Amino acid sequence: MTGPMRKGYCPGVLAPMAARDGLLVRIRVPGGRLPSASARRIAELGRRHGNGLIDLSQRANLQLRGVRPEELEALTEELRALGLVSDDAASEAVRNVLTNPTAGLDRRAVLEALPHALALDARLASDKALHALPAKFAMIVDGGGGGHLADSAADIRFDAVALPRGSLYRVALGGDLASAKGLGFCAPNDLPDAAASIAAAFLELRATLPDPPRRMAALLRATGAEPVRERASALTGPLESPAPERPARAVLGRKPGWLGVAFAFGRLDCDALEGMAALAGELRLTPWRALLLPGAGAAATAAVEGLGGILDENDPRLAVAACSGAPGCEAGTTDTHADARAIADAARALLAAGRTVHVSGCAKGCAHPARADVTLTGRDGGYDIALNALPGAPPTYAGLSPEEAVRTVAALSSEF
Ligand code: SF4
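About the thresholds
Residues numbered from 1 in each chain as written. Predicted model: local features only at pLDDT ≥ 70, side-chain atom pairs only at ≥ 80, totals over all residues. Helix = DSSP H or I, 4+ residues; strand = E, 2+ residues; numbered from the N terminus. Rg over C-alpha atoms; globule rule 2.2 N^0.38 Å. Buried ≥ 20, exposed ≤ 12 C-beta atoms within 10 Å, placed from the backbone. Pairing = 2+ DSSP bridges. Axes fitted to C-alpha atoms, helices over the stretch in contact; angles between N-to-C directions. Contact = placed C-beta atoms within 7 Å. Arc of directions from axis to C-beta. Domains from an automatic or database assignment. Nonpolar A, V, L, I, M, F, W, Y, C, P; charged D, E, K, R; others polar. Core = buried A, V, L, I, M, F, W, Y, C linked by C-beta atoms within 7 Å. Parallel < 35°, antiparallel > 145°, perpendicular 65-115°, else oblique. Left-handed = near helix turned anticlockwise from the far one by under 90°.

The next thing to look at is the overall build of the chain. On a plain count of helices and strands, the chain comes out with 12 helices and 20 strands. Taken over C-alpha atoms, the radius of gyration comes to 21 Å for the chain, in line with the 22 Å a tight globule of 416 residues would show. Its C-alpha atoms give the chain principal-axis dimensions of about 55 × 45 × 45 Å. Buried positions account for 49% of the 416 residues belonging to the chain.

Pasting the structure below:
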């Protein structure tokens, strides 16, 4: 078994990450579909081998926190029995495929993406030539509809589009739907071949560069898209193709096919996971720090709120991102979750006006590695605050205690 990795690696069951509260064990769930029996078992294992806390990742994975190193092997065997462990760490790391949690439930979807995503997941696990892909190299298979993945970024993305000649995937590289570079189209059944050929092209081209890039966007800056296209198979259509339009995403609360439940800062405990598993036959993981419960009955609504779930897309807690911070992360010196909750309470007017707040334990910005309207960066037990900035940016307000930081954010006008 591979030992715990240092911070900066992409953690998995076979390559857990050491954090201050113990090992962080990321469970990759194929297609994001978790049978309720497996969810109940994971809850039991998280209590027995970890500290009972679970994070929902932006790549639709479950992360068990606080796992004791001496219990990792027993935990791994239990997860293997659930079919949630790859053959080895390399194939585990490369299985980084995100697809719509709403697939099969959403009549507005252009394509039913799940079988294509699972075929790609299987190809990545079995094709050893692709195991050299960098650990965070990610792919998206987006069938569209109300649970689309337009604002998630990926190195290779397949976005369903309805064309006069039929429904195809638009293939694009290095970004979210709006920013990724279009490469052409592929038929749904050709998706694994197209993805494998593009990934192989990435590996070949990066090896020719003096400082081989780890992400597709960086490769494109060095080589452009044409050399990738030349090496790709199963693609048709023009190199330049406009991104398809997507509707406003709406997944929380009661929807025709599911109940969507978010958790503040993507954190829940094993009791909540177990409680959710009792309400539906399957849980679907999302990249939005939320779970979907397909077919959950009317009684589930009150039950999930009792478990700490959030059903309202406009809940102020959802406008605040926060990493683990202290005490979970070695780099953190502030209790980011507590401070983020205080901001969600105190700055309702700012958040209701559509402003976003990011409480980051340090300049790394794990929870939201992008600009937010208000970014708090932890330092020496307090915060620096910067506006419309990345974590660690030159601050507008520096050296504030957590209480001062909360008051400062609450006093900001939404018009800054
Ligand atoms: S951003 Fe937060 S979770 Fe990431 S390293 Fe810093 S303190 Fe830790």
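Let's pick the thread back up.
The subject of this paragraph is unusual backbone geometry. Cis rather than trans, the peptide bond between A326 and P327 has omega equal to 5 degrees. Residue A234 is not a glycine yet carries a positive backbone phi of 70 degrees. A count of 19 C-beta atoms within 10 Å places A234 in the partly exposed class. If you check the backbone angles, D380 has positive phi at about 50 degrees while not being a glycine. The residue D380 is located in the loop between β18 (372–379) and β19 (382–389) in this model.

Reading across the sheet, the five strands line up as β6-β7-β8-β9-β10 and stay open at both edges, with mixed pairing between neighbours. The open sheet is flanked by β6 (97–99) and β10 (181–186), the only strands paired with a single partner. On average, adjacent strands in this sheet sit at an angle of 25 degrees to one another, irrespective of strand direction. Pairing between β6 and strand β7 (residues 139–142): three bridges, direction parallel. Looking at the pairing, L98 lines up with I140 of β7.

A separate point is the pairing of β18. Across a regular strand the side chains alternate sides, sitting on one face of the sheet and then on the other. β18 sits mainly inside the fold: six of its eight residues count as buried. With four bridges joining them, strand β17 (residues 357–360) and β18 adopt parallel strand pairing. Residue pairing across strands places V357 opposite V374, the latter belonging to β18. Bridge analysis of β18 against β19 gives seven bridges, and the strand direction is antiparallel. Looking at the pairing, A372 lines up with A389 of β19. If you look at the hairpin formed by β18 and β19, you'll find two residues sitting between the two strands, and D380 has a positive phi there, around 50 degrees.

For the rest of this paragraph, the subject is the sheet that holds β19. Taken in spatial order, the five strands make up an open sheet running β16-β17-β18-β19-β20, and their pairing is mixed. Each having just a single partner strand, β16 (320–322) and β20 (397–400) make up the two edges of the open sheet. Averaged over all neighbouring strand pairs, the angle between strand axes comes to 20 degrees, with direction disregarded. Pairing of β16 with β17 involves three bridges; the strand directions are parallel. In the sheet register, A321 faces β17, and the bridge partner there is H358. In the packing of helix α10 (residues 336–346) onto the sheet, the strands contacted are β16, β17 and β18, and the crossing angle to β16 comes to about 170 degrees.

Here we take up helix α12 (residues 402–411). Within the span of α12, buried status applies to P402, A405, V406 and V409. Along α12, the residues classed as buried sweep out an arc of 100 degrees about the axis, all on the same side. Across from the buried face of α12, at angles greater than 90 degrees, the exposed residues are E403 and A411.

Moving on, we get to the domain arrangement of the chain. By convention, interface size is frequently given as the accessible area that disappears when the constituent parts associate. Once the domains are mapped, the chain shows domain 1 (17–91 + 251–306), domain 2 (102–231) and domain 3 (316–411). Distance between the C-alpha centres of domain 1 and domain 2: 26 Å. Taken residue by residue, the interface counts 12 residues in domain 1 and 14 residues in domain 2. Elements with a minimum of two residues in the side of domain 1 that touches domain 2: α3 (89–94) and β15 (290–294). Along the lines of polarity and charge, the residues of the side of domain 1 that touches domain 2 split into seven nonpolar, four polar and one charged.

For the rest of this paragraph, the subject is the nonpolar core. Soluble globular proteins: nonpolar side chains tend toward being buried together. Counting 130 residues, the largest nonpolar core has L273, M276, L293, I343, V357 and V409 as the members making the most contacts within it. Here this core gets eight residues from one element, more than from any other, and that element is helix α5 (residues 191–206). In contact with L293, other than residues within four places in its own chain, are W258, L259, V261, M276, L279, A280, L283 and A300.

Bringing the packing of α10 against α12 into the picture now. Relative orientation of the contacting elements α10 and α12 amounts to 30 degrees, with a least axis distance of 9 Å. Taken together, the axes of α10 and α12 lie roughly parallel to each other. Crossing geometry of α10 relative to α12 is assigned as right-handed. For the pair formed by α10 and α12, the contact residues are D339, A342, I343 and A346 on the first element and P402, A405, V406, V409 and A410 on the second. In terms of residue class, the contact of α10 with α12 is made up of eight nonpolar, no polar and one charged.

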